[in-house]
Amino acid sequence: MTSRRTRVTVVGEALVDLLWRAGAREVHAAPGGSPANVAVGLHRLERPATLLTAWGDDPPGDLVRDHLAGTGVDVRRLPAGPGRTIVALAYVGQDGAATYDFLVSWDPRELTVPDDTGVLHTGSLAAVVEPGATRVLELCRAQRRAGRAVAADLNVRPAVQPDPDAYRAVAARLAGAVDVLKASDEDLAWLYPGQEAAVSARALLAAGPGLVVVTLGGKGALAVTRDGDEVWVSAPSVSVVDTVGAGDTFQAALLDAIAEHGGPPTGRDALAAVLTRCATAAAITCTRVGADPPTRAELSAFSQA
């Protein structure tokens, strides 16, 4: 990659979360979506970011459009059918953790990335829901062949694909098309029940990426590499308000590091430093309501405190 390729291009869904908190009698509509949250997180870290996404001409789509217009992210709305915005019902428990159900439509077309893209990112619904998932996978393969770094976040959503065997096949295909793959320990526990996270991460590593990162919630994160390294870092102790957007914030910080270094971090010390920064960014998000990632200044101030 040349030095001018500093942009991270994110391809994936923007949607409306209907947040239903434990004990509440009203549902709160909030625009979001994992890829959209990642793009916002990158922008707040002062990383040039472009979001390739789609939404419908409907009331949820109006909310998505207005939200994205105020984020500062370069948003490119893709031609798509059938013109319906994705809606997610998010149940938020007393512990702040969320579970999801979805009304899904993902059919983007004309997937073209900006010339100054250094890193392409995708994942979540965009990598699972057809017909768009196949096009996104083809884009990942093409961009990897073109010399760009490609990353993905599994962000497993059983509500859209309840068959673990089918989901494992999706995960393997995605792993084979990227340089860096991220998953949570909950993702891996659902995909590979009864198996330790590090073992599952190495199974995904065998499919093709050079780096697999696993988030462990309050326990931090671990990473395994093609070179045989295994690195674990702890997470800062914070008072959790909710966990919505924490994984997306972690991924934004990881992508920022990949773009900064011109590729995935290599060597145990460099990898540990990157993972620590990512875990810190995610921890800050957990102290806030909803997907509200920190700015670069906030992350630096927290890290130095």
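Refer to the structure above for everything that follows.
About the thresholds
- Residues numbered from 1 in each chain as written.
- Predicted model: local features only at pLDDT ≥ 70, side-chain atom pairs only at ≥ 80, totals over all residues.
- Heavy atoms only, no water.
- Phe/Tyr/Trp six-rings, centres within 6.5 Å; stacked < 30°, edge-to-face > 60°.
- Helix = DSSP H or I, 4+ residues; strand = E, 2+ residues; numbered from the N terminus.
- Buried < 20%, exposed > 50% of the residue type's maximum accessible area, 1.4 Å probe, protein only.
- Patch = residues over 30% accessible without salt bridge, like charges linked within 9 Å, V, L, I, M, F, W, Y side chains within 5 Å.
- Areas by Shrake-Rupley, 256 points an atom, 1.4 Å probe, with all protein chains shown as cover.
- Salt bridge = Lys/Arg side-chain N within 4 Å of Asp/Glu carboxyl O.
- Core = buried A, V, L, I, M, F, W, Y, C linked by side-chain atoms within 4.5 Å.
- Contact = heavy atoms within 4.5 Å.
- Axes fitted to C-alpha atoms, helices over the stretch in contact; angles between N-to-C directions.
- Left-handed = near helix turned anticlockwise from the far one by under 90°.
- Nonpolar A, V, L, I, M, F, W, Y, C, P; charged D, E, K, R; others polar.
- Expected span 1.5 Å × (residues − 1).
- Arc of directions from axis to C-beta.
- Parallel < 35°, antiparallel > 145°, perpendicular 65-115°, else oblique.
- Pairing = 2+ DSSP bridges.

Student: Just checking my understanding: could you explain the packing of aromatic side chains for this structure?
Tutor: Each aromatic ring pair is characterised by the separation of its centres together with the angle its planes make. Under the counting rule described, the total for this entry stands at 2 aromatic pairs. Taking the centre distance of 5.6 Å and the plane angle of 80° together, the rings of tyrosine 167 and tryptophan 190 count as edge-to-face. Taken together, the residues span a long stretch of sequence, with tyrosine 167 in helix α4 (residues 164-175) and tryptophan 190 in helix α5 (residues 185-191) at a distance of 23 residues. Residue tyrosine 167 is classed as buried on the basis of its relative accessible area of 1%. Note on tryptophan 190: relative accessible area 25%, which makes it partly exposed.

Student: I would appreciate a short explanation of a nonpolar patch on the surface in the present structure.
Tutor: Taken together, Trp20, Val27 and Tyr91 make up a surface patch of nonpolar side chains, about 280 Å² in accessible area. Of note, tryptophan 20 is situated in strand β2 (residues 15-21).

Student: Where do I start with the nonpolar core in this structure?
Tutor: Soluble globular proteins tend to bury their nonpolar side chains together. Within the largest apolar cluster, 46 residues are counted, with the highest numbers of intra-cluster contacts made by Leu154, Leu174, Leu181, Leu204, Val212 and Val214. Looking at this core element by element, the count peaks at 5 residues for α4. Beyond its immediate sequence surroundings of up to four residues, leucine 154 is in contact with Ser124, Tyr167, Ala171, Leu174, Leu181, Lys182, Ala183, Asp187, Leu191 and Leu204.

Student: What should I look at first to understand the packing of helix α7 (residues 246-261) against helix α8 (residues 268-286) in this one?
Tutor: In helix packing, the relevant descriptors are the interaxial angle and the interaxial distance, both defined with respect to the helix axes. Between α7 and α8, whose axes approach to 8 Å, the crossing angle comes to 145°. Taken as a pair, α7 and α8 cross one another with a handedness that is right-handed. Touching Ala246, Thr249, Phe250, Ala253, Leu254, Asp256 and Ala257 of α7 are Val274, Leu275, Arg277, Cys278, Ala279, Ala281, Ala282, Thr285 and Cys286, all from α8. A class-by-class count of the residues in the contact of α7 with α8 yields 12 nonpolar, 2 polar and 2 charged.

Student: Would you explain helix α3 (residues 132-145) in this entry?
Tutor: Note on helix geometry: an α-helix contains 3.6 residues per turn, so any two residues three or four positions apart are oriented the same way. Its 14 residues place the ends of α3 20 Å apart at the C-alpha level, agreeing with the 20 Å of an ideal helix rising 1.5 Å per residue. Of the residues making up α3, those classed as buried are Gly132, Ala133, Val136, Leu137, Leu139, Cys140 and Gln143. All buried residues of α3 fall inside an arc of 155° around its axis, so they share one side. Along its buried surface, α3 packs onto β1 (7-11), β8 (117-123), β9 (149-153) and α4.

Student: Mind showing me how you'd approach the packing of α8 against helix α9 (residues 296-304) here?
Tutor: Relative to each other, α8 and α9 sit at 105°, their axes nearing to 10 Å. The angle between α8 and α9 falls in the class roughly perpendicular. Of α9, the residues touching α8 (which contributes Arg277, Thr280, Ala281 and Ile284) are Arg296, Glu298, Leu299, Phe302 and Ser303. Its residues placed into classes, the contact of α8 with α9 shows 4 nonpolar, 2 polar and 3 charged.

Student: Help me understand the sheet that holds strand β5 (residues 74-77), please; the structure alone is not making it clear to me.
Tutor: Each strand in a sheet pairs with its neighbour through backbone hydrogen bonds, running either in the same direction (parallel) or in the opposite one (antiparallel). Reading across the sheet, the 9 strands line up as β5-β4-β1-β8-β9-β10-β11-β12-β13 and stay open at both edges, with mixed pairing between neighbours. The open sheet terminates on both sides in strands that have one partner only, identified here as β5 and β13 (230-233). The average angle at which neighbouring strand axes cross in this sheet is 20°, direction not considered. Pairing between β1 and β8: 4 bridges, direction parallel. Residue pairing for β8: threonine 9 is matched across the bridge by leucine 120. Strands β1, β8 and β9 of the sheet are contacted by α3, whose axis makes an angle of about 155° with β8.

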